[in-house]
Amino acid sequence: MNTRFEKSAHSSDEWYTPKEVLEALGKFDLDPCAPIRPLWPTAEVMYDRNMDGLSRKWEGRVWLNPPYSRPLIELFVRKLAEHGNGIALLFNRCDSKMFQDVIFDKADGMKFLRHRIRFYRPDGTRGDSPGCGSILIAFGKENAEVLKNCAIEGKYVQIN
């Protein structure tokens, strides 16, 4: 049994969100964790790791597929929670400290995805099915409505 979930011998923070997920959620103003060489745009403004999205000002509706390494994932999720307007794509780890201390207190809605997302590698090939399912987290009432009504299969749960 794979208990390492998202980590592997060739672990990387460079995994790209499938285009169909982004299209189902609508337009975003900012992606503070964009790939260095994106396969497609994720937002109007895209900061890659060389631009340090954590230290920059966030404006508008944010798309967040953060680096899953620690402590970066917690730092980015906390910043989105404080910003209050956006959607995060995370592994479904509802028992984690980040979910218990940040997400459940600050998020407005969640969508537990029915199928595991096969993310893209930087070379454009699809990765294998990850060892853990994904969840979309909405910050802001409008983003919660988007999750509730989007065509992505899964179970929507309103939080606040």
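Residues numbered from 1 in each chain as written. Predicted model: local features only at pLDDT ≥ 70, side-chain atom pairs only at ≥ 80, totals over all residues. Heavy atoms only, no water.

This paragraph deals with the packing of helix 2 (residues 72-83) against helix 3 (residues 97-106). Where helix 2 contacts helix 3, the two axes come as close as 10 Å, and the packing angle between them is 15°. One way to sum up the angle between helix 2 and helix 3 is to call them roughly parallel. The two elements helix 2 and helix 3 cross, and the hand of that crossing is left-handed. Contact residues: helix 2 offers Ile 73, Glu 74, Val 77, Arg 78 and Ala 81, while helix 3 offers Met 98, Val 102, Ile 103 and Lys 106. (Axes fitted to C-alpha atoms, helices over the stretch in contact; angles between N-to-C directions. Helix = DSSP H or I, 4+ residues; strand = E, 2+ residues; numbered from the N terminus. Parallel < 35°, antiparallel > 145°, perpendicular 65-115°, else oblique. Left-handed = near helix turned anticlockwise from the far one by under 90°. Contact = heavy atoms within 4.5 Å.)

All of the buried residues along helix 3 are Met 98, Phe 99, Val 102 and Ile 103. Buried positions in helix 3, seen along its axis, are confined to an arc of 120° and lie on one side of it. Of the exposed residues in helix 3, those oriented more than 90 degrees away from the buried face are Lys 97 and Asp 105. At its buried positions, helix 3 is contacted by helix 2, strand 4 (86-91), strand 5 (109-113) and strand 6 (134-139). (Buried < 20%, exposed > 50% of the residue type's maximum accessible area, 1.4 Å probe, protein only. Arc of directions from axis to C-beta.)

Here we come to the environment of Gln 158. Checked against the element boundaries, Gln 158 lands in strand 7 (residues 154-158). With 43 residues separating them in the primary sequence, Gln 158 and His 115 have C-alpha atoms 20 Å apart. Discounting chain neighbours no more than four positions away, the residues touching Gln 158 are Asp 108 and Gly 109.

One broad rule of soluble globular proteins: the nonpolar side chains tend to lie buried together. Ranked by internal contacts, the top residues of the largest apolar core, which has 46 residues, are Leu 25, Trp 63, Leu 90, Ile 103, Leu 136 and Ile 137. Those elements giving two or more residues to this core turn out to be helix 1 (19-25), strand 3 (62-64), helix 2, strand 4, helix 3, strand 5, strand 6 and helix 4 (141-149). Excluding residues that lie within four positions of it along the chain, Leu 25 makes contacts with Arg 61, Trp 63, Ile 87, Leu 136, Val 146, Leu 147, Cys 150 and Ile 152. (Core = buried A, V, L, I, M, F, W, Y, C linked by side-chain atoms within 4.5 Å.)

As a further point, take the pattern of salt bridges. Working definition: two side chains of opposite charge can pair if their charged atoms are close together. Evaluation of the coordinates by the stated rule reveals six salt bridges. In this structure, Lys 141 engages Asp 108 in a salt bridge whose closest nitrogen and oxygen atoms are separated by 3.2 Å. Of this pair, Lys 141 sits in helix 4 while Asp 108 sits in the loop between helix 3 and strand 5, and the two are 33 residues apart along the sequence. With a closest N to O distance of 3.8 Å, Arg 114 and Glu 153 form a salt bridge. Of this pair, Arg 114 sits in the loop between strand 5 and strand 6 while Glu 153 sits in the loop between helix 4 and strand 7, placing them 39 residues apart in sequence. What makes Glu 153 partly exposed here is its relative accessible area of 46%. (Salt bridge = Lys/Arg side-chain N within 4 Å of Asp/Glu carboxyl O.)

As a note on interpretation, predicted positions should not be read in detail where pLDDT is low. Residues at a pLDDT of 70 or more form 92% of the protein, whose mean pLDDT is 90. Below pLDDT 50 for its whole length, residues 1-10 participates in nine contacts with residues either more than four positions away or in separate chains. (pLDDT = per-residue confidence, 0-100.)

All right, on to the environment of Gly 26 then. The topology assignment puts Gly 26 in the loop between helix 1 and strand 1 (30-31). The exposure class of Gly 26 is partly exposed, given its relative accessible area of 35%. Considering only alpha carbons, one finds Gly 26 and Leu 72, 46 residues apart in sequence, at a separation of 25 Å.

Let's shift gears to unusual backbone geometry. Here the bond from Arg 70 into Pro 71 is cis, since omega is 5°, no more than 30 degrees from zero. Of note, Pro 71 is situated in the loop between strand 3 and helix 2. We note that Asp 52 has phi near 50°; this positive angle belongs to a residue other than glycine. Residue placement: Asp 52 occurs in the loop between strand 2 (45-46) and strand 3. Residue class for Asp 52 comes out partly exposed when judged on its relative accessible area of 39%.

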